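# Summary of the model geometry
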Amino acid sequence: VLKDAVTPSMAIIGGAKISTKLGLLANLSKHVDVLAIGGGMANTLLYAKGVNVGSSICEPELLDDAKQIIAEAEKNSCEMLLPVDAATVRDRNTNEPAHILSVNEIPENGSILDVGPATMRLIANRLANCKTLLWNGPMGLFEIPPFDTSTNFLARKAAAMTDGGTLTSVAGGGDTLAALNQAGVSSSFSYISTGGGAFLEWLEGRDLPGVASLKSKAHRADKR
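Summarised in this report is the structure supplied together with it. Worth saying up front: this structure is predicted, and the values here are computed from it rather than measured.

## Here we look at the sheet that holds strand β7 (residues 132-136)
Within a sheet, each strand pairs with its neighbour through backbone hydrogen bonds, oriented either parallel or antiparallel. The strand order β3-β2-β1-β7-β8-β9 describes an open sheet built from six strands, whose pairing is parallel. Among the strands making up the open sheet, the edge pair consists of β3 (79-81) and β9 (191-193). For this sheet the average axis-to-axis angle between neighbouring strands, irrespective of direction, equals 15°. By the bridge criterion, five bridges tie strand β1 (residues 9-13) to β7 in an arrangement that is parallel. By the bridge assignment for β7, Ser9 is matched with Thr132. Where helix α6 (residues 174-183) meets the sheet, its contacts fall on β7, β8 (168-172) and β9, and the angle it forms with β8 comes to roughly 120°.

## Brief notes about helix α3 (residues 63-75)
In this model, α3 (13 residues) spans 18 Å end to end at C-alpha, consistent with the 18 Å of a helix rising 1.5 Å per residue. Buried residues along α3 sit against α1 (22-28), α2 (39-48) and β3.

## With respect to the sheet that holds strand β4 (residues 85-90)
Strand order in the open sheet formed by three strands is β5-β4-β6, with antiparallel pairing between adjacent strands. Two strands bound the open sheet, and with one partner strand each, they are β5 (99-102) and β6 (110-115). On average, each strand axis in the sheet is tilted by 50° relative to the strand beside it, whichever way the strands run.

## Observations regarding the packing of helix α4 (residues 117-127) against helix α5 (residues 149-163)
With their axes 10 Å apart at the nearest point, α4 and α5 run at an angle of 15° to one another. By the criterion of interaxial angle, the relationship of α4 to α5 is roughly parallel. Where α4 crosses over α5, the handedness of that crossing is right-handed. Within the contact between the two elements, α4 uses Met120, Ile123, Ala124 and Leu127 and α5 uses Thr149, Ser150, Phe153, Leu154, Lys157, Ala158 and Met161. Here the residues of the contact of α4 with α5 are counted per class, giving eight nonpolar, two polar and one charged.

What counts and how
- Numbering of residues starts from 1 in each chain and follows the order in which that chain's sequence is written.
- This being a predicted model, a pLDDT of at least 70 is required before a residue's local features are given, and a value of 80 or more before pairs of side-chain atoms are given or counted; all residues contribute to the totals for chains, interfaces and linings.
- As a convention, hydrogens and water are excluded, and side-chain values are obtained from all of the structure's heavy atoms.
- The pairing criterion for strands is at least two bridges between them, as found by DSSP.
- Here a strand is any run of E in DSSP of at least two residues, a helix any run of H or I of at least four, and the numbering for each starts at the N terminus.
- Comment: axis = line fitted to C-alpha atoms, over the contacting stretch for helices; angle = value between 0 and 180 degrees taken between N-to-C directions.
- Contact definition: two residues touch when any of their heavy atoms are within 4.5 Å.
- Multiply 1.5 Å by the residue count of a helix minus one, and that product is the helix's expected span.
- Roughly parallel here means an angle under 35 degrees, roughly antiparallel means over 145, roughly perpendicular means 65 to 115, and every remaining angle is called oblique.
- For a crossing to be left-handed, the near helix must be turned anticlockwise from the far one by less than a right angle; the clockwise case is right-handed.
- Think of it as three bins: nonpolar holds Ala, Val, Leu, Ile, Met, Phe, Trp, Tyr, Cys and Pro, charged holds Asp, Glu, Lys and Arg, and polar takes everything else, Gly as well.

By themselves, these observations are geometric and do not establish any function.
Printed below as a string of structure tokens:
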């Protein structure tokens, strides 16, 4: 997926905090054609682009890091897809009805809990032309409907393409697996890793001790 992927290739990356995935985003921008970002981590990138994200989850202390990620993607000719609209509530009150707003219209007490329909269509339309997908992290607060809408929609789109033989789909991470199970599509993905931290380390381009040991043993066996 990272070295010999059939192109065009896309990575869908979500989750709450960008601080846990800085290395992941930096490495993926070197290997995929499209990087679609959702979840709370997208808010920090939007903030770095001058967007007011209201009371949404955001890590303003990582402003410089977020700007660097955006610059890296541009340098690597990796198309970065950030939310253009969002499902929002006031002060993170998940009991009130969600309002769909442009990301440029988020009020000070507004909290983004999922990407909106325009963003879903944007990602789905780009995915339709891709041959390889790597997925880590939900696009919204998928545990609480209706904030699972985008994750379910995109997961089912990827599953249908995989079943149709036009897409190789690889996903991993605990929340990702839970989200795909909730969407009812985990059996349709080409490969799912149950590894959490190990999967992220692999995507960051780091050596995994167990894999390195197996490769070393295989190399010695070949020499014999």
